[in-house]
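Structural overview
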Amino acid sequence: MRNDGGSVCRHGVPARGGYAVNITRSFEIACDADSAWRAMHDPVTIASVYGSLIRLTPVGTVPAQLTTGTRMVVGLNALGILPLGRQAIVVSDSRVARGDTEVRTMHDRGGPLSGPLALLRGWHHRMSVSPLPGSETSASWSDTLEVGGPFAWLFWPALYATWRMRETRIKRLSRTW
């Protein structure tokens, strides 16, 4: 189903082993695509996208940049106090030409290791950026999460709200990238 300002939301779609949830937020950001790509690979910047709602606390060493092959674990806390479990982050990058435009995507195929979100399966988080035609100061950003499992539909409202909040934060933060 199509929803509010470029968001594509599908929930309750039958999938192997349960249901699949797909949340996509696509929007314009206030920086060029190269700056957005650098910010997307900065662990501190990416953690700040969640604001005070969810705190990401690294378990172990934090790389200076997230690059293809990066594997790390973070602890998740709601409002900095309520433990939500641990999450693996496993990064790979891809580039696709769409006409004259290059779309660069950072994939995270890690997923929840513990806590309530560990009920989800098939974690695939994609953040994509591409230049906006005719603009040197704006880019297009797409933030997609695909998860599955028998309980995926239960998490859809919270995940959707989180992705809406991420959109707001990314738009605001992009002015400083």
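Reference entry: report on the structure contained in this document. Quick caveat: nothing in here was measured; it's all calculated off a predicted structure.

**Observations concerning the nonpolar core**
Core analysis: the largest hydrophobic core is formed by 38 residues, its most contacted members being Ile29, Leu120 and Trp141. In terms of residue count, the dominant contributor to this core is helix 3 (residues 152-174) (nine residues).

**A look at the side chain of His125**
Mapping His125 onto the fold places it in strand 9 (residues 121-131). Within the structure, His125 has its side chain in polar contact with the side chain of Asp143 (distance 2.6 Å). Not counting the four nearest positions on each side in its chain, His125 is found in contact with Met106, His107, Asp108, Asp143, Thr144, Leu145, Trp163 and Arg166.

**With respect to the environment of Arg164**
Tracing the chain through its elements places Arg164 in helix 3. Relative accessible area serves as the criterion here: at 36%, Arg164 is assigned to the partly exposed category. Between the alpha carbons of Arg164 and Thr24 there is a distance of 9.4 Å; along the sequence they are 140 residues apart.

**Concerning the packing of aromatic side chains**
Applying the stated criterion across every chain yields a total of two aromatic pairs. Seen from their ring centres, Trp141 and Trp177 are 5.7 Å apart, and the 35 degrees between their planes marks the pair as tilted. Taken together, the positions of Trp141 in strand 10 (residues 139-149) and Trp177 in the segment after helix 3 put the pair 36 residues apart, joining distant regions of the chain. Judged by centre distance (5.2 Å) and plane angle (15 degrees), the rings of Trp156 and Tyr160 are stacked. Highlighted residues: Trp156 and Tyr160, both in helix 3, separated by four residues, approximately one helical turn.

**Remarks on helix 1 (residues 33-40)**
In terms of burial, helix 1 is largely enclosed, as six of its eight residues are buried. Where helix 1 is concerned, the buried positions are Ala33, Ser35, Ala36, Trp37, Ala39 and Met40. Two or three places before Asp34, at the opening of helix 1, Asp32 has a side-chain oxygen 3.1 Å from that residue's backbone nitrogen.

Quick notes on the rules
- All residue numbers refer to positions counted from 1 along the written sequence of the respective chain.
- Local features in this predicted model are restricted to residues whose pLDDT is 70 or higher, and side-chain atom pairs enter the listing and the counts only when it is 80 or higher, whereas totals over whole chains, interfaces and linings include all residues.
- Heavy atoms from the whole structure form the basis of all side-chain values; hydrogens and water molecules are not counted.
- Residues enter a nonpolar core if they are buried and are Ala, Val, Leu, Ile, Met, Phe, Trp, Tyr or Cys, with the set joined through side-chain atoms within 4.5 Å.
- Each residue gets one of three labels from its accessible area relative to the maximum for its type: buried under 20%, exposed over 50%, partly exposed in between, using a 1.4 Å probe on protein chains only.
- Only DSSP runs of H or I covering at least 4 residues are called helices, and only runs of E covering at least 2 are called strands; the numbering of each starts at the N terminus.
- Definition of a polar contact: a pair of N or O atoms within 3.5 Å, with one able to donate and the other able to accept a hydrogen when the atoms are protein atoms, and with sequence-neighbouring residues admitted only if both atoms are side-chain atoms.
- Residues count as neighbours in contact if any of their non-hydrogen atoms are within 4.5 Å of one another.
- Note on aromatic pairs: the rings of Phe, Tyr and Trp (six-membered ring only in Trp) are paired at centre separations within 6.5 Å, and the planes decide the class, stacked below 30 degrees, edge-to-face beyond 60, tilted for the rest.

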